[in-house]
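One letter stands for each residue in the lines below.
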Number of protein chains: 2
Amino acid sequence: MNTAEHIINTATLLLQKNGFNAFSYHDISRQIGIKTSSIHYHFPGKHDLGKSIMKNYRALHNSELKRIDSESSNPVKKLQAFGELFICTLGDEFRMCPCGMLTTDINTLPEPIKEEVQGFFTDSEAWLASVLKTGIEQGLFSIESNHNEFAKTLFASFEGAMLSARAFKDKARLSKTIKQLIKLIQT
Amino acid sequence: MNTAEHIINTATLLLQKNGFNAFSYHDISRQIGIKTSSIHYHFPGKHDLGKSIMKNYRALHNSELKRIDSESSNPVKKLQAFGELFICTLGDEFRMCPCGMLTTDINTLPEPIKEEVQGFFTDSEAWLASVLKTGIEQGLFSIESNHNEFAKTLFASFEGAMLSARAFKDKARLSKTIKQLIKLIQT
DNA sequence: GTTATTCTACCTATTAATAGGTAGATAGAA
DNA sequence: TTCTATCTACCTATTAATAGGTAGAATAAC
């Protein structure tokens with residue numbers, strides 16, 4: 001792993017745990033044994049770093065979605081696997097999704113980061129929408145509203161459940177919500 | 001309005017817009033024309049201020065729930081009114097719920113604030129649970145899972161939808177999710 | 001093949017700005 | 001007089017960011 005990657009990984013964790021405005025170059029510097037100026041060499045400003053964090057995380061997330069697609073074609077199992085992704089992200093340290101984290105900070109962020117955050121939303125929503133569509137066609141799901149619209153609701157709910165789990169340091173708050181929502185739309 | 005209230009109101013808005021670690025005593029001081037030291041007089045530390053913000057907001061929110069109870073006894077209408085509360089909070093400036101905002105910052109906050117944040121969750125969840133219970137008894141709602149558990153899911157989903165609306169500066173993302181979820185549980 | 005040059009990846013040292021916080025003076029009200 | 005609320009005038013710590021320098025690898029010129 002090269003230094004730039006090391007910085008991104010460390011910063012991603014700090015973002016997930018504390019938020020964008022609650023970690024500093026010094027925090028990263030201390031953790032990986034490198035001076036703050038060296039971080040500036042790789043990422044001139046904190047906003048550059050923020051954008052790189054999101055770009056990287058988004059790519060990782062999308063490759064996970066591809067993996068799920070390759071492992072199963074059952075819409076119900078796909079939704080469960082998607083939920084598992086969230087549970088895995090939360091982990092034992094109650095890490096929030098970087099995308100959700102940056103959304104609260106969105107007013108203090110420049111346009112390039114916003115675009116990346118929105119991109120993360122739309123990527124996931126598009127994937128969920130296609131899973132829902134297939135599920136509806138196969139008679140597995142019953143949703144009165146449009147599948148594209150419901151995909152947004154589903155994603156937002158998962159993000160919210162992550163937040164809730166974080167507030168109580170209670171993983172069940174996430175897993176139960178995922179189970180409930182999947183159950184609710186099943187025929 | 002006295003100064004302490006003025007400070008709380010100003011700080012609440014700043015918290016809702018930018019997050020706890022993204023506003024300063026100076027920001028408040030500038031907005032209400034008072035020195036930062038005067039804010040320290042009313043709220044010795046930022047954490048004291050944070051706790052007061054949540055206490056105040058929680059009380060306000062609970063009185064809104066009482067108002068809803070007094071205005072209607074129909075569970076569906078109550079849920080809609082609850083949703084309206086969220087839409088109203090979001091407003092035209094896409095203000096996040098202070099509780100959701102502090103949840104992302106939770107790792108950087110002391111215990112007293114955490115308790116207040118969790119209290120906001122449990123207050124709302126308990127209210128939602130009782131509305132759901134009545135609705136189920138009246139045959140208006142159909143939820144396979146326990147109403148207490150589903151109340152948590154509902155609240156988390158609303159918070160998440162708020163986040164999503166904020167990310168896109170799109171109020172419909174919140175209102176549509178509220179509508180969809182209420183519709184989904186109706187018989 | 002050797003020399004000259006440029007690039008990479010870090011360093012030390014410092015900056016201007018801002019953070020939260022404190023001590024002590026002061027003016028007015030109870 | 002004493003209390004309340006505010007002020008002036010600081011302090012210490014931290015922030016993101018920059019300047020300037022260096023060892024060593026890679027590349028180009030001769």
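Residues numbered from 1 in each chain as written. Chains lettered and ligands numbered in written order. Predicted model: local features only at pLDDT ≥ 70, side-chain atom pairs only at ≥ 80, totals over all residues. Heavy atoms only, no water.

1. With respect to the relation of the copies chain A and chain B
The criterion, for reference: We superpose the copies by least squares over the C-alpha atoms of residues that have a pLDDT of at least 70 in both of them.
Least-squares fitting of chain A to chain B yields an RMSD of 0.0 Å, with the transformation described by 0.0 Å of translation along the axis and a rotation of 180°. Here the copies are linked by what is in effect a two-fold axis.

2. Focus on the interface of chain A and chain B
Quick note on the threshold: Contacts are assigned to residue pairs with any non-hydrogen atoms lying within 4.5 Å of each other. Note: buried area is the sum, over both parts, of the accessible area (probe 1.4 Å) each one loses when the two are combined. Salt bridges are identified by distance alone: a Lys or Arg side-chain nitrogen within 4 Å of an Asp or Glu carboxyl oxygen.
With 41 residues of chain A at the contact, the number on the chain B side is 41 residues. When chain A packs against chain B, the two sides together hide about 3,900 Å² of surface, and 59% of this comes from carbon and sulfur. Among the residues of chain A in contact with chain B, T104, Q180 and L184 of chain A are the three that bury the most area, contributing 16% of the side total. If you look at where chain A meets chain B, you find four salt bridges.

3. A few points about helix α7 (residues 111-137) of chain A
The criterion, for reference: Each helix is a run of DSSP H or I of at least 4 residues and each strand a run of E of at least 2, with the numbering of both proceeding from the N terminus. A helix is expected to span 1.5 Å for every residue after the first.
An ideal rise of 1.5 Å per residue puts 39 Å on 27 residues; α7 of chain A measures up with 38 Å between its terminal C-alpha atoms. In the stretch just after α7 of chain A, G139 of chain A is the one whose phi turns positive, near 70°.

4. A closer look at the packing of aromatic side chains
All names here are of chain B. Let me state the cut-off plainly: Centres within 6.5 Å make a pair out of two Phe, Tyr or Trp rings, where for Trp the six-membered ring is used; the pair is then stacked when the planes are under 30 degrees apart, edge-to-face when over 60, and tilted otherwise. Exposure categories follow from relative accessible area, calculated using a 1.4 Å probe and restricted to protein chains: below 20% of the type maximum is buried, above 50% is exposed, and the middle band is partly exposed.
Enumeration over the complete set of coordinates arrives at 22 aromatic pairs over all chains. Where Y57 meets F120, the ring centres are 5.6 Å apart and the plane angle is 35°; that geometry is what we call tilted. Of this pair, Y57 sits in helix α4 (residues 46-71) while F120 sits in helix α7 (residues 111-137), placing them 63 residues apart in sequence. The exposure class assigned to Y57 is buried, which follows from its relative accessible area of 14%.

5. Considerations on the protein's contact with DNA strand D
For the record, the criterion: Any residue with at least one heavy atom within 4 Å of a molecule or strand is counted as near it. By the criterion applied in these results, polar contacts are pairs of N or O atoms within 3.5 Å in which, for protein atoms, one can donate a hydrogen and the other can accept it, and in which residues neighboring in sequence qualify only through two side-chain atoms. In this classification, Asp, Glu, Lys and Arg are treated as charged, Ala, Val, Leu, Ile, Met, Phe, Trp, Tyr, Cys and Pro as nonpolar, and every other residue, Gly included, as polar.
Of all residues adjacent to DNA strand D, which total 15 residues, the nearest are S24 and K46 of chain A together with T3, S38 and H42 of chain B. When the atoms of DNA strand D within 4 Å of the protein are grouped by moiety, sugar and phosphate amount to 65% of the total. Between a phosphate oxygen of DNA strand D and a main-chain N or O atom of K35 of chain B, the distance comes to 3.0 Å. A distance of 2.9 Å separates a base oxygen of DNA strand D from a polar atom in the side chain of S37 of chain B. Those elements that provide at least two residues to the surface near DNA strand D are α2 (25-32) and α3 (36-42) of chain A together with α3 (36-42) of chain B. If you tally residues by element for the surface near DNA strand D, the top one is α3 of chain B, at four residues. Here the surface near DNA strand D is built from residues that sort into four nonpolar, nine polar and two charged.

6. A few points about the pattern of salt bridges
Side chains bearing opposite charge may pair, as long as their charged atoms lie close to each other. In this structure the tally under the stated criterion is 26 salt bridges over all chains. The partner of R95 of chain A in a salt bridge is E93 of chain A, with the nearest N and O atoms 2.9 Å apart. What makes E93 of chain A partly exposed here is its relative accessible area of 40%. Close ionic contact of R67 of chain B with E64 of chain B constitutes a salt bridge, the shortest N to O distance being 2.9 Å. Separated by three residues within a single helix, R67 of chain B and E64 of chain B lie in helix α4, roughly one turn from each other. Look at R67 of chain B and you get partly exposed, because its relative accessible area is 31%. Residue E64 of chain B is classed as partly exposed on the basis of its relative accessible area of 29%. Several salt bridges converge on common partners, so that one network encompasses K17, E93 and R95 of chain A.

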